[in-house]
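Close look at the chain arrangement
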Amino acid sequence: MIKQILGKLPRKPSKSAENREFGGSSASSLSSRSSDVVSNRPINSNSLPLLGLDSASNLGYSHGSKLPQLVNSNLNGSSATASYQALPAFRDVPSSEKQNLFMKKLNLCCVVFDFTDPTKHLREKDIKRQTLLELVDYVTSANGKFTETVVQEVIKVVTVNLFRSFSPQPRENKVLEAFDLEEEEPLMDPAWSHLQIVYEFFLRFVASPETDAKLAKRYVDQSFVLKVLDLFDSEDPREREYLKTILHRIYGKFMVHRPFIRKAINNIFFRFIFETEKHNGIAELLEVLGSIINGFALPLKEEHKLFLVQVLIPLHKPKCLQMYHQQLSYCISQFVEKDCKLADTIIRGLLKYWPITNSSKEVMFLSELEEILEATQPAEFQRCMVPLFRQLSRCLSSSHFQVVAERALYLWNNDHIENLIRQNRKVIVPIIFPALEKNGRYHWNQVARSLTLNVRKIYSDVDPELFEECLLKFQEDEANMEEIKTKHETTWKRLEESAASNAVSSGAVVHCLNPIETSSN
């Protein structure tokens, strides 16, 4: 099924369509934050604080076949440490020598240190950190196109320092709910004092106008993109924040990779939904996708509608929905705003995955439903209103401490939704009336009871005949239920009496049989 889905995605869209798709008329919040991160202000050691706690730092791997095989460059022994020396500053060499010095500094930064022991190689670590800061300043202030050799060496530095495997943490072996994960302290990478500057360096390189996309795409290839996406599973939230901005920049600059990036993200989501339900970067990936969806051209391609149905809607299934629900809800609402006809599909999808025993998820679903209904037009609303309000009727009857009923009743505070219900009250009110009547009489929560009475009053004022008809039907059903209950009680009482009578008779028979058995012995 997944292969069939991916096979339908377009392979090579036109450049004009891709430009419209990513740009859009309205910029997303992620775009604005990206521009803030990639400012022209040079960073220094004070602006990049040392933040590292408890994680193991692993060595990098070489990238693809275009780069030479790299050897893990741990510094062991006095001869090795003595050879790691600081290079002159850019300001201390003539302009003709700066590019050559830049290449040497890049090569110097390909050495990876072990940060699990904070007492080892302090001098060398400080040299590398200062060198990385100089590289950031150099890339930021560059005023000429980067050559292919420079691009190759930059990607080599990024590959060696950033691409690493993540050791599974003990907590991954436990089944945790979303609120348990929120209470867990995130694991901070002790190598972050270097990793952060490498991320900043690469971010500025990708965003630089001096980086030629046609040239750089030979090295920022599909293999490289997959390794960047693998890093989103990092437990360090600072790393995921940088990755989010970098992926956004790569998607914007390298148009040729856009379909591939979307497919690769789809695959991550498929594994998460249907196999593992464990991934640290789902929220960040959805935030990037929210920006991408915001720029989709109209009419929407079938690929994008398929993504909505096959990926975004099933993302409501995992137990840890709370960890990324805000970003998921934003992506869903973007689709409704772009094509209101999708509202029926989305609402029916939510009903398919509606939680049965998880009331906190139910409250999240109701909040998302309100956003969708706010952008829903009457024609689409009418297609799904019957199954929708059957579910809402069950929500209104909920007595859980999370007050699902209260959240459902707040839908009537939204003028657009209340107007849709009012226009279709002949169908909707009979569905929800029993829940409203029982809430008004018996619900334990005072707020839910008060909101229920307000909703009842709306329809008693707007359509007294319909209200009276529903009330009579409810009273009739209640009387029938009471009659059925009485019949059941009478039947059970008769059965109990019959059972007791049979027990007495059986006892008498046994008492009569005992002497005969004794005499025969």
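Cut-offs used in this document
Residues numbered from 1 in each chain as written. Predicted model: local features only at pLDDT ≥ 70, side-chain atom pairs only at ≥ 80, totals over all residues. Heavy atoms only, no water. Helix = DSSP H or I, 4+ residues; strand = E, 2+ residues; numbered from the N terminus. Buried < 20%, exposed > 50% of the residue type's maximum accessible area, 1.4 Å probe, protein only. Contact = heavy atoms within 4.5 Å. Areas by Shrake-Rupley, 256 points an atom, 1.4 Å probe, with all protein chains shown as cover. Axes fitted to C-alpha atoms, helices over the stretch in contact; angles between N-to-C directions. Parallel < 35°, antiparallel > 145°, perpendicular 65-115°, else oblique. Left-handed = near helix turned anticlockwise from the far one by under 90°. Nonpolar A, V, L, I, M, F, W, Y, C, P; charged D, E, K, R; others polar. Salt bridge = Lys/Arg side-chain N within 4 Å of Asp/Glu carboxyl O. pLDDT = per-residue confidence, 0-100. Polar contact = N/O pair within 3.5 Å; in protein donor to acceptor, adjacent residues only side chain to side chain. 1 Å grid on protein atoms, 1.4 Å probe; cavity = no way out; pocket = protein on both sides within 12 Å on 5 of 7 lines; lining within 4 Å. Points joined across faces, edges and corners; volume = space filled by probe spheres on them.

1. Remarks on the overall build of the protein
Summing up its helical and strand segments, the protein has 24 helices and 0 strands in all. In the protein, which comprises 521 residues, the proportion classed as buried is 48%. Counting only contacts in the protein whose residues sit at least 6 apart along the sequence, the fraction spanning at least 24 positions is 80%. Surface accessibility of the protein: about 26300 Å² in total, with carbon and sulfur atoms responsible for 52%.

2. Let's talk about the environment of Pro190
Mapped onto the elements of the fold, Pro190 is located in the loop between α8 (178-183) and α9 (192-207). For the pair formed by Pro190 and Asp117, sequence separation is 73 residues and the distance between their alpha carbons is 9.3 Å.

3. What to know about the packing of α9 against helix α12 (residues 237-253)
Orientation of α9 relative to α12, taken along the N-to-C sense of each, is 15°, at an axis distance of 10 Å. One way to sum up the angle between α9 and α12 is to call them roughly parallel. In this structure, α9 crosses over α12, and the sense of that crossing is left-handed. Counting all contacts with α9, which are made through Trp192, Gln196, Tyr199, Glu200, Phe202, Leu203, Val206 and Ala207, the residues of α12 involved are Arg238, Glu239, Tyr242, Leu243, Thr245, Ile246, Arg249, Ile250 and Lys253. Classifying every residue of the contact of α9 with α12 by side-chain character gives 10 nonpolar, 2 polar and 5 charged.

4. What to know about the pattern of salt bridges
Enumeration over the complete set of coordinates arrives at 24 salt bridges. Across the pair Glu134 and Lys105 runs a salt bridge whose closest N-O atoms are separated by 2.5 Å. Residue Glu134 is located in helix α6 (residues 122-140), and its partner Lys105 is located in helix α5 (residues 95-108); the two are separated by 29 residues in the primary sequence. When its relative accessible area of 23% is taken as the criterion, Glu134 is described as partly exposed. Using a relative accessible area of 0% as the deciding quantity, one classes Lys105 as buried. Ionic pairing is found between Arg123 and Glu124, a salt bridge with its closest N-O pair at 3.1 Å. Ionic contacts of the salt-bridge type, sharing partners, join the residues Arg164, Asp189 and Glu239 into one network.

5. Quick look at the environment of Val288
In this fold, Val288 is placed in helix α14 (residues 282-294). Taking the C-alpha atoms as reference, Val288 lies 6.1 Å from His248; in sequence the two are 40 residues apart.

6. Points about the packing of helix α18 (residues 359-374) against helix α21 (residues 415-423)
Remark: α18 packs on α21, axes separated minimally by 9 Å, with the N-to-C direction vectors making an angle of 75°. Between α18 and α21, the crossing angle belongs to the class labelled roughly perpendicular. Seen from α18, the contacting residues are Glu370, Leu373 and Glu374; seen from α21, they are His416, Ile417 and Leu420. Grouping the constituent residues of the contact of α18 with α21 by class yields 3 nonpolar, 1 polar and 2 charged.

7. Concerning the confidence of the model for the protein
In the predicted model, the protein carries a mean pLDDT of 81, and 77% of its residues have values of at least 70. Low pLDDT, under 50, characterises residues 23-29; the stretch is placed with 7 contacts to residues that sit more than four places away or in other chains.

8. Let's talk about the side chain of Glu239
Summarising the element assignment, Glu239 is placed in helix α12. Looking at Glu239, its side chain comes within polar contact range of the side chain of Tyr199, at 2.5 Å. If we skip the residues at most four places from it in the chain, Glu239 touches Arg164, Phe166, Trp192, Tyr199, Leu231 and Ser234.

9. Side note on the environment of Arg271
Secondary-structure assignment places Arg271 in helix α13 (residues 258-276). According to the relative accessible area criterion, Arg271 is partly exposed, its value standing at 41%. Ignoring sequence-local partners within four residues, the contact set of Arg271 consists of Thr276 and Glu277.

10. Some words on empty space enclosed by the protein
Regions of empty space are outlined by a rolling probe, equal in size to a water molecule, passed over the atoms. This structure, assessed with the given rule, holds 3 cavities of 30 Å³ or more. If you add up the space inside the second largest cavity, you get close to 70 Å³. If you trace the second largest cavity, you find it lined by Arg262, Asn266, Leu289, Ile293, Phe296, Glu303, His304 and Phe307. Only α13, α14 and α15 (302-312) provide two or more residues apiece to the lining of the second largest cavity. Tallying contributions element by element places α15 first for the lining of the second largest cavity, with 3 residues.

11. A word on unusual backbone geometry
Of the consecutive residues Leu298 and Pro299, the connecting peptide bond is found in the cis state with omega at -5°. Within the secondary structure, Pro299 sits in the loop between α14 and α15. The backbone of His121 shows a phi angle near 55°, a positive value even though the residue is not glycine. Tracing the sequence through the fold places His121 in the loop between α5 and α6. The residue Glu277 is not glycine, and still its phi comes out positive at about 55°. Among the structural elements, Glu277 can be located in the loop between α13 and α14.

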